[in-house]
Amino acid sequence: MDSQVVPGVPTRGAVDSTVLDFLLMELVAESVSEAFPMRTTLTAKRGVDVDRTSVPLPQWHAPNRAWMKPESAEPNQSSGTAEMPPLQRVEEAGFYVGERLVRKESERASPEQTGMTELDALKVVCRDIWRTVFGKQVDSLKTNHRGVYVIFDASFRWLRYVHEMPDSIGTPSWYCIFPAGLIRGVLTELGYPCAVQGVCEPAPPSVVFTVRMLSASASESATMLSDPP
Amino acid sequence: MSEAPRERLQASQTERNSSEKVPRPVATSAGAAANAAALSKIGEQAFQRGELVNSELAALTYGALVRQLVLDYAHPQQVNEQLDRIGYNIGLRLVDDFLARSAAPPCRSFAASAEIIARVAFRMYLGVNAKVAHIASDGSEYSILFDSNPLAEFAELPEPMKGSLWYSNVICGVIRGALEMVQYSVQARFERDILRGDDCNEIRVSLVRELEERVPTDNEI
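Residues numbered from 1 in each chain as written. Chains lettered and ligands numbered in written order. Predicted model: local features only at pLDDT ≥ 70, side-chain atom pairs only at ≥ 80, totals over all residues. Heavy atoms only, no water.

The name that an unreviewed UniProt entry assigns to chain B is Trafficking protein particle complex subunit 3, with the source organism given as Cyanidiococcus yangmingshanensis. The annotation that UniProt attaches to chain B under Sequence similarities (unreviewed entry) is "Belongs to the TRAPP small subunits family. BET3 subfamily." (UniProt positions renumbered as here; feature names shortened; annotations may be inferred.)

Per an unreviewed UniProt entry, chain A is named Trafficking protein particle complex subunit 6B, and its organism is Cyanidiococcus yangmingshanensis. Entered under Sequence similarities (unreviewed entry) in the UniProt record, the comment concerning chain A runs "Belongs to the TRAPP small subunits family. BET3 subfamily."

Given below as structure tokens:
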């Protein structure tokens, strides 16, 4: 466990936390504004521009959509992210960050990531990732031992100022979506695909993330599918 | 402490008068250098006082934002514009945080803002050292040069975008937004970017006009 370091202390460089706070706010605002009518016409207009068959895209642009959620990787590939509900894009951005965060760390650490149990992976999230991202450890981790984990943080960094937010900027739970995606990215990268949902309970500075492992249900459905009718 | 702003202002004025395209002799820039060192110290102290986060996390989050825009917009030029707009939104609000926390002397002139942005703001927020160069003779334009850029830490531009995308364009927007809040309407644009194979990052800031502070006509106070 200790050799699988995902250290919390900034290793090479550090930036002021304000930078990250603002980036996250803009990420949410950017994605949410897609939902506003004014922007929708823009998107529609843009949809014409973004005719992905005619525009030569950079190589990394389209072919491998492995970063997308499995359920969104449906046949209508051409519509891409444009069709995604706005907040799902925030979740996806979080996933992208979480996945790479683990990858960056494992490049430095020993490649002994394979033997990690489900609980170890969760501990990495609660201890190391949390410290890196939110500057503290989680306050509690509970599990029913059947693939469901509940992470509770009583003073969640990114919700510190949420109670001062005017209603127009959105509901506090919008700001749980990015971290939920991040957790999902980390766990998936560690070999445990899951679904993560974040809610502000009981009140904004505290947050509850519910992690549901997909492996159990996925193997069940896999066996069900493999049975011939 | 109260002497500092005046000294700095004088320093920047001598700098302004003596700076042409040719490099200035060391003797005349001694005051400016001392002033720059003092500002660097202020920046470093503000950086240490602040709450720090892993720069990789910021780099990845910024990368996620740029990635989304690249997927959304067909042309890198549009991505640049969007990044600039996002940066502007950040800058408008960031300036409050800067004035509250940095303890930097006030900008008494546009030229004086250069050293403050480069020495204090870059150090305080991004943890990097930047310097001012290529100041126009009338003091209405300057460049900010910096070598390392934490936002672009893991970025690599694909070949087709090397000539068109300014990956860190959000910084230009931040400078534009922040200076607008201290009554300078400016244009800021990248001139050089290490990601494109240049030897350093250069942001060119040029003054459009000084804004006048007015009481709003519908002020009900």
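Novice: Explanation requested: the interface of chain A and chain B in the structure shown.
Specialist: Quoted interface sizes are often the accessible area lost when the parts come together. At the junction of the two partners, chain A supplies 47 residues and chain B supplies 45 residues. Regarding the contact of chain A and chain B, the summed buried area is about 4,200 Å², with carbon and sulfur atoms giving 62% of it. Here chain A is connected to chain B by four salt bridges. Arg101 of chain B serves as the salt-bridge partner of Asp16 of chain A, at 2.9 Å between the closest nitrogen and oxygen. (Contact = heavy atoms within 4.5 Å. Buried area = accessible area lost by both parts, 1.4 Å probe. Salt bridge = Lys/Arg side-chain N within 4 Å of Asp/Glu carboxyl O.)

Novice: I would appreciate a short explanation of the packing of aromatic side chains in the present structure.
Specialist: Residue and element names in this part refer to chain B. Applying the stated criterion across every chain yields a total of seven aromatic pairs over all chains. Measuring from ring centre to ring centre gives 4.9 Å for Phe122 and Phe146, while their planes differ by 50°; the resulting arrangement is tilted. With Phe122 in helix H5 (residues 110-126) and Phe146 in strand S3 (residues 141-146), the pair connects residues that are 24 residues apart, well separated along the chain. Residue Phe122 is classed as buried on the basis of its relative accessible area of 5%. Classification of Phe146 as buried rests on a relative accessible area of 1%. A centroid spacing of 5.8 Å and a plane angle of 15° characterise the contact between Trp166 and Phe190, whose relative ring orientation is stacked. You can see Trp166 sitting in the loop between S3 and helix H6 (170-181) and its partner Phe190 sitting in strand S4 (residues 184-192), a full 24 residues away along the chain. There is no split in this pair, since Trp166 and Phe190 are both buried. An aromatic cluster is present here, built from Phe110, Tyr142 and Tyr184 joined pairwise through their rings. (Phe/Tyr/Trp six-rings, centres within 6.5 Å; stacked < 30°, edge-to-face > 60°. Helix = DSSP H or I, 4+ residues; strand = E, 2+ residues; numbered from the N terminus. Buried < 20%, exposed > 50% of the residue type's maximum accessible area, 1.4 Å probe, protein only.)

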